[in-house]
Every structure is written in structure tokens, then in C-alpha cells.
Amino acid sequence: MANNNQKDVEWAEAKKKCRLNEETVEMAKEMGLNPRSLIKNIPNKSEQWKAPVSIWIQEMYQKRQEKALKKKARKEKSTD
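The rules behind these values
Sequence order as written defines the numbering, with residues in each chain counted from 1. Totals for whole chains, interfaces and linings use every residue, but because this is a predicted model, local features are given only for residues with pLDDT of at least 70 and side-chain atom pairs only at 80 or more, for both listing and counting. Side-chain figures throughout are based on the complete set of non-hydrogen atoms in the structure, without hydrogens or water. A run of H or I in DSSP becomes a helix once it reaches four residues, and a run of E becomes a strand once it reaches two; helices and strands are each numbered from the N terminus. In this treatment the radius of gyration is a C-alpha quantity, and the globule benchmark scales as 2.2 Å times the residue count to the 0.38 power. Each residue is assigned to one of three classes by its accessible area relative to the maximum for its type, calculated with a 1.4 Å probe on protein chains only: buried under 20%, partly exposed between the two thresholds, exposed over 50%. Here, two residues are considered to be in contact whenever any of their heavy atoms come within 4.5 Å of each other. What sets the accessible areas is the Shrake-Rupley method with a 1.4 Å probe; for residues, cover comes only from the shown protein chains. Multiply 1.5 Å by the residue count of a helix minus one, and that product is the helix's expected span. The quantity called pLDDT is the predictor's confidence in a given residue, expressed from 0 to 100. Side-chain atoms within 4.5 Å link the members of a nonpolar core, which is a set of buried Ala, Val, Leu, Ile, Met, Phe, Trp, Tyr and Cys residues.

Asks: Explain the overall build of the protein to me, please; I cannot follow it from the model alone.
Replies: Scanning the protein for helices and strands turns up four helices and zero strands. Counting from the amino terminus, the protein carries its helices and strands in the arrangement α-α-α-α. Relative to the compact-globule value of 12 Å for 80 residues, the protein shows a C-alpha radius of gyration of 16 Å, a clear excess of over 25%. If you line up the protein on its principal axes, its C-alpha atoms span 50 × 40 × 15 Å. Out of the 80 residues belonging to the protein, those deemed buried represent 22%. Partitioning the intrachain contacts of the protein with sequence separation of at least 6 by distance along the chain shows that 53% fall at a separation of at least 24. Surface summary for the protein: the accessible area is close to 6,600 Å², and the carbon and sulfur share equals 51%.

Asks: How do you make sense of helix α4 (residues 53-79) when you look at a structure like this?
Replies: Think of an α-helix as 3.6 residues a turn; residues three or four steps apart then line up on the same face. Between its first and last C-alpha atoms α4 spans 39 Å; for 27 residues at 1.5 Å apiece the expected length is 39 Å, and the two agree. All of the buried residues in α4 are V53, S54, I57, M60 and Y61.

Asks: Just to check I follow, could you spell out the environment of N44 for this structure?
Replies: Along the polypeptide, N44 turns up in the loop between α3 (35-40) and α4. For N44, a relative accessible area of 47% puts it in the partly exposed group. Through-space distance from the C-alpha of N44 to that of K63 is 25 Å; in sequence the pair is 19 residues apart.

Asks: Can you walk me through the confidence of the model for the protein in this structure?
Replies: As a note on interpretation, predicted positions should not be read in detail where pLDDT is low. Chain-level statistics for the protein give a pLDDT mean of 91 and a share of 96% at 70 or above. By mean pLDDT, helix α1 (residues 2-17) is the weakest element of the protein at 90, and helix α2 (residues 22-30) is the strongest at 96.

Asks: Help me understand the nonpolar core, please; the structure alone is not making it clear to me.
Replies: General note: in soluble globular proteins, nonpolar side chains tend to be found buried as a group. L20, A28, M31, L33, L38, V53 and I57 are the most contacted members of the largest nonpolar core, which has 13 residues in total. Mapped by element, the contributors of at least two residues to this core are α2 and α4. When residues in this core are grouped by element, the largest group, four residues, is from α4. Once residues within four sequence positions are removed from consideration, A28 is found in contact with W11, L33, L38 and I57.

So, in C-alpha cells, the structure goes:
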């Protein structure tokens, strides 16, 4: 039980540090991301090319959803 509580603390910390909303946190959890990896991906001032963590998660989530839809469409097409 203590392990689960620790995870909650890590997610709360990641949410605060990365300025994430509840929806983005859910996306990250659904994709199996680690809260510590999100904190590590916060862009530095010298990393202007890096997107904020919330945008990074949303883009990755979108790509995975599209990929899953394409895979599902291919599967349905092959069963016809």
C-alpha cells in the first residue's frame, strides 16, 4: 500500500512541476509514463526547441491514438 501512496506523491509532484492538468496526467498514466521521466523532460532555458511537457504528452497521445485507429482499420479490412 505504501508503494501506491509514493506513486501518488510522485504524480502530484510531476503535475505541479510540469504544470499539467488532470486530463494530461490521465493521458500520461494511460500511456504508462513514469512521473519522474516527465520531470526530467522539463525543458531547460537553453532547450528552446523542446516543447513543454503538457504539449509533449498531448502530441504523443494523439500519435498513439491515430496509430491505434490505423491498426484497427487494417485489422477490420483484412477480415472483410
